[in-house]
Amino acid sequence: MHPLLASRAKLGAYLLGWAPITLLLAGIARSQGWNSLEAGALALPLCLSAAFLFLSTWFLCRALPLGGTVEGLGAHGMAWGMAAVLMGGLWAGLAWLLARMLAWIPGLEALPQRVGNALPVLTGLGVLLYLASVALSYLMLAQERTLEAERKGAEAQMLAQESELKALRAQLNPHFLFNSLNSLSALTAVDPARAREMCVLLSDFLRRSLGLGERRLVALREELDLAKAYLAIEQIRFGNRLHLTWTVDPAAEPALLPTLLLQPLVENAIKHGIAALPEGGILAVTAVVLEGHVILRVDNPLDADAPAPQGLGIGLRQVRQRLLGRFGSRARFEAAVQDGTHRVTLVFPLETEP
Amino acid sequence: MKALIIDDEDLARAVVREHLAAHPDVEVVAECANGLEALKAAAQQQPDLIFLDIQMPKLDGFEVLELLEAEGKRPAVVFVTAYDQHALRAFEAHAVDYLLKPFSKERFDAALAKARALHAAQPAVPAPSASDLAASARQGRPLERIVVKDGPKVTVVHLDRLDWVQAQDDYVLLRTEGKNLLKQQTLASLESQLDPSRFIRIHRSYLLNLDRLVRVEQDSKEHREAILRDGARLPVSRAGYQRLRELWEGA
């Protein structure tokens, strides 16, 4: 279906576009000594028929795409030139037929004679109009393609975000999982009650992390719950090497943020902080509200002998990207080492579910 | 048979201990929560067998093994780890056994039997060196730090703190933070483990951390010297200069 025929408004605008061409044609005829009746009687039906006849160029243009280069124009130039001459001639012929049909109306007896004289001019004009409609068709097709590309781009971006989230969900650290299962294996013999507790904790953590990935945005409360479930398991693994400190302002809990932002931070704190230190240390999670913003912070000690981390690891880079992707310049991401403590700070506007 | 259990997690050591209880001829002489403790315990107890975790604070399992080797100790080793199993598959070729956490009693007993057999027989093929094992577990990734036993003290040299390395017969002299450390290893073997875009063999006897290089000066036609950030000068051979130029032109 031709896009101009698909909507009444578009068709109206298109036909309106033909009005000045009709006036022009009538004007030319008048300047050649035709009277107003003759000029109008011919120009109006002729232009109306051309308007519909030349719609066909759109289908041809679609079949002969330009391929986005100027060379494309040259490749099809020959075909278009021939089609234009053919259609111009056809159009002039139509004018002549029309003139013959109108000749019986009183006052239009001279029309066939006049059209006969003007046939070369009419043919030329037909060629020009045809080429103009080819150009218009290509323009419309190009615009259509642009819109399509934009829509596809937006779709691809959405898919990419979703797959990224899926990947995050699937990114259940295998090292964590196997070490936890090993702890569980040890506990079954020495402390069955705690083994059962660990089973429950592990299930709780898995269920939460699987459920969270389904959503784009999540309340900070749920992110904190996930981190608590995770750290409760690590507490069993690391025993008294891991000391946890939670400082959470209840006002921060309903704040919405991209899913799974806190989890990579606490996993990092365990991997590069607690697990790398024979004596372990304090892992502190802080969430406070200040001037309409949530400040979310994870602190962990670092091995003083190891070199300071060079730049951000892939996990932290993703956190930053997703935070800034959601909040833009209204959010801030900081990672710094000071006095043997690694600190990651996220600051973002306090927005809650309406 | 005297055994050592080395793992930074209490519960992980408990599983090994529990499985060993079924083998009364194996005596657990010590349990260690990190590599440094392990070295101390190994020096005191002379174990025949060690159960060794890979990811541990300060020193990893490979580094512990390497330092034990440096002291001439070759206990039978069973790696016990949640480490990437693909990385460890290469160990099978080296006749070294490993247990992936968590493991079954049967799997544990099989690993123990294998270690016992290796310990009893004088192995026809010499056991692979710890650094070879570590290299195969790294799967082609370059080394990130070097461990050196300096008398009773163990030093971990992170590569961004290593200025240059000099060959001294069967030893290498490591220059780091104004100190010299000696380690028993050949320059060629160390060079093969390092990132070739970071450490360049500028001379038959010298490997240089490219980050330390300021410029190369030409004294005479055939004599060039590398000037380092701290003002030190190292000789650059013709082949070494060629390698530097290739690197510069490539970049």
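Residues numbered from 1 in each chain as written. Chains lettered and ligands numbered in written order. Predicted model: local features only at pLDDT ≥ 70, side-chain atom pairs only at ≥ 80, totals over all residues.

**With respect to the overall build of chain B**
And then number 1: If you tally the helices and strands in chain B, you get eight helices and 15 strands.
And then number 2: Sequence separation of at least 24 residues holds for 55% of the intrachain contacts in chain B that already meet a minimum separation of 6. (Helix = DSSP H or I, 4+ residues; strand = E, 2+ residues; numbered from the N terminus. Contact = placed C-beta atoms within 7 Å.)

**Topic: the overall build of chain A**
And then number 1: A tally of helices and strands in chain A yields 11 helices and seven strands.
And then number 2: Relative to its 354 residues, chain A shows a buried fraction of 29%.
And then number 3: Within chain A, contacts between residues at least 6 apart in sequence are counted, and of these 71% link residues at least 24 apart. (Buried ≥ 20, exposed ≤ 12 C-beta atoms within 10 Å, placed from the backbone.)

**Brief notes about the pairing of strand β1 (residues 2-6) of chain B**
Residue and element names in this part refer to chain B.
And then number 1: In terms of burial, β1 is a largely internal element, four of the five residues being buried.
And then number 2: The pairing of β1 with strand β2 (residues 27-32) spans five bridges and is parallel. Residue pairing across strands places A3 opposite V28, the latter belonging to β2.
And then number 3: Taken together, β1, helix α1 (residues 10-20) and β2 constitute a β-α-β crossover, and its handedness is right-handed.
And then number 4: Note: β1 against strand β3 (residues 49-52), four bridges, orientation parallel. In the strand pairing of β3, A3 is matched with L49. (Pairing = 2+ DSSP bridges. Right-handed = clockwise from strand over helix to strand, strands pointing away.)

**Thoughts on the sheet that holds strand β5 (residues 293-301) of chain A**
Residues and elements named next belong to chain A.
And then number 1: What the five strands build is an open sheet, ordered β2-β4-β5-β7-β6; its pairing is mixed. With partners counted over all chains shown, the strands left at the sheet margins are β2 (242-248) and β6 (332-338), one partner each. The sheet shows a mean angle of 10 degrees between the axes of neighbouring strands, direction not considered.
And then number 2: Note: β6 against strand β7 (residues 341-349), seven bridges, orientation antiparallel. (Axes fitted to C-alpha atoms, helices over the stretch in contact; angles between N-to-C directions.)

**Comments concerning the interface of chain B and chain A**
And then number 1: Each side of the interface is counted separately: chain B has 18 residues, and chain A has 20 residues.
And then number 2: Of all the elements in the fold, those that place two or more residues in the side of chain B that touches chain A are α1 and β7 (153-158) of chain B.
And then number 3: Here the side of chain B that touches chain A takes six residues from α1(B), the largest share from any one element.
And then number 4: Residue classes in the side of chain B that touches chain A are distributed as nine nonpolar, two polar and seven charged. (Nonpolar A, V, L, I, M, F, W, Y, C, P; charged D, E, K, R; others polar.)

**With respect to the environment of A:R330**
All names here are of chain A.
And then number 1: With respect to the helices and strands, the residue R330 is situated in the loop between α11 (314-327) and β6.
And then number 2: A tally of 13 C-beta atoms within 10 Å means that R330 is categorised as partly exposed.
And then number 3: Note: C-alpha distance between R330 and H293 (37 residues apart in sequence) is 9.2 Å.
And then number 4: Beyond its immediate stretch of four places on either side in the chain, R330 contacts F348 and P349.

**Brief notes about the nonpolar core**
Generally speaking, nonpolar side chains in soluble globular proteins are found buried as a group.
And then number 1: Counting residues in hydrophobic clusters, the biggest one holds 108 residues, and the most contacted among them are A:V266, B:I6, B:F51, B:L52, B:V64 and B:L208.
And then number 2: If you tally residues by element for this core, the top one is helix α9 (residues 220-238) of chain A, at eight residues.
And then number 3: Not counting chain neighbours up to four residues away, the residues in contact with A:V266 comprise A:A227, A:Y230, A:L231, A:V285 and A:V298.
And then number 4: Within the second largest apolar cluster, 30 residues are counted, among which are A:F54, A:L111, A:L122 and A:Y138. (Core = buried A, V, L, I, M, F, W, Y, C linked by C-beta atoms within 7 Å.)

**Remarks on helix α7 (residues 174-190) of chain A**
And then number 1: End to end, α7(A) covers 25 Å across 17 residues, agreeing with the expected 24 Å (1.5 Å per residue, within 8%).
And then number 2: All of the buried residues in α7(A) are A:N179, A:S180, A:N182, A:S183, A:L184, A:A186 and A:L187.
And then number 3: Those residues of α7(A) that are buried lie in contact with α8 (192-212) and α9 of chain A together with α1 of chain B. (Expected span 1.5 Å × (residues − 1).)

**Regarding helix α10 (residues 262-273) of chain A**
Every α-helix carries 3.6 residues per turn, so stepping three or four residues along brings you back to the same face.
Residue and element names in this part refer to chain A.
And then number 1: Taking 1.5 Å of rise per residue, the 12 residues of α10 would be expected to cover 16 Å, and the 16 Å separating its terminal C-alpha atoms lies within 8% of that figure.
And then number 2: Burial analysis of α10 places 10 of its 12 residues in the buried class, which makes it a mostly covered element.
And then number 3: Check the buried side of α10 and you find it contacts α9, β4 (281-290), β5, α11 and β7.

**Some points on the pairing of strand β13 (residues 213-220) of chain B**
Residue and element names in this part refer to chain B.
And then number 1: Burial analysis of β13 places just zero of its eight residues in the buried class, a small minority of the element.
And then number 2: The sheet contact formed by β13 and strand β14 (residues 223-228) spans six bridges and is antiparallel. The partner of S220 across the bridge, within β14, is H223.
And then number 3: Following β13, the chain reverses through two residues before pairing antiparallel with β14.

**Some remarks on the packing of α9(A) against α10(A)**
Residue and element names in this part refer to chain A.
And then number 1: Relative to each other, α9 and α10 sit at 25 degrees, their axes nearing to 9 Å. One finds that α9 runs roughly parallel with respect to α10. Crossing handedness for the pair α9 and α10: right-handed. Residues E223, L224, L226, A227, Y230, L231 and E234 of α9 form the contact with α10, whose own contacting residues are L262, Q263, V266 and I270. (Parallel < 35°, antiparallel > 145°, perpendicular 65-115°, else oblique. Left-handed = near helix turned anticlockwise from the far one by under 90°.)

**A word on the sheet that holds β13(B)**
Residues and elements named next belong to chain B.
And then number 1: Taken in spatial order, the three strands of this open sheet run β13-β14-β15, and their pairing is antiparallel. Of all strands in the sheet, those with a lone pairing partner are β13 and β15 (233-236), marking the two edges. Within the sheet, the average angular offset between the axes of one strand and its neighbour, ignoring direction, is 30 degrees.
And then number 2: Strand direction decides the pairing type here: β14 and β15, joined by four bridges, are antiparallel. Note that in β15 the partner of A226 across the bridge is L234.

**Quick look at unusual backbone geometry**
And then number 1: Cis geometry is adopted by the peptide bond preceding B:P102, which originates at B:K101 and carries an omega value of -15 degrees.
And then number 2: Here B:P102 is to be found in the loop between β5 (97-100) and α5 (105-120).
And then number 3: The backbone phi angle of A:D339 is positive, close to 50 degrees, even though this residue is not glycine.
And then number 4: Within the secondary structure, A:D339 sits in the loop between β6 and β7.
And then number 5: The phi dihedral of B:D169 is positive, around 55 degrees, even though this residue is not glycine.
And then number 6: With respect to the secondary-structure elements, B:D169 resides in the loop between β8 (162-168) and β9 (171-176).
And then number 7: When the 7 C-beta atoms within 10 Å are taken as the criterion, B:D169 is described as exposed.

**A look at the confidence of the model for chain B**
And then number 1: The share of residues in chain B with pLDDT of 70 or more is 94%, and the mean pLDDT across the chain is 88.
And then number 2: For this predicted complex, the interface confidence reaches an ipTM of 0.82, while the overall pTM sits at 0.68. (pLDDT = per-residue confidence, 0-100.)

**Side note on the packing of helix α2 (residues 35-45) of chain B against helix α3 (residues 61-70) of chain B**
If you want to describe how two helices pack, look at the angle between their axes and the distance between the axes.
Residue and element names in this part refer to chain B.
And then number 1: Two elements in contact, α2 and α3, have axes whose closest approach is 10 Å; the angle formed by their N-to-C orientations is 30 degrees. One element, α2, and the other, α3, form an angle in the roughly parallel class. Taken as a pair, α2 and α3 cross one another with a handedness that is right-handed. Note on element contacts: α3 touches α2 through E63, V64, L67 and L68, opposite G35, A38, L39 and A42.
And then number 2: Across the contact of α2 with α3, the residue classes tally to six nonpolar, one polar and one charged.

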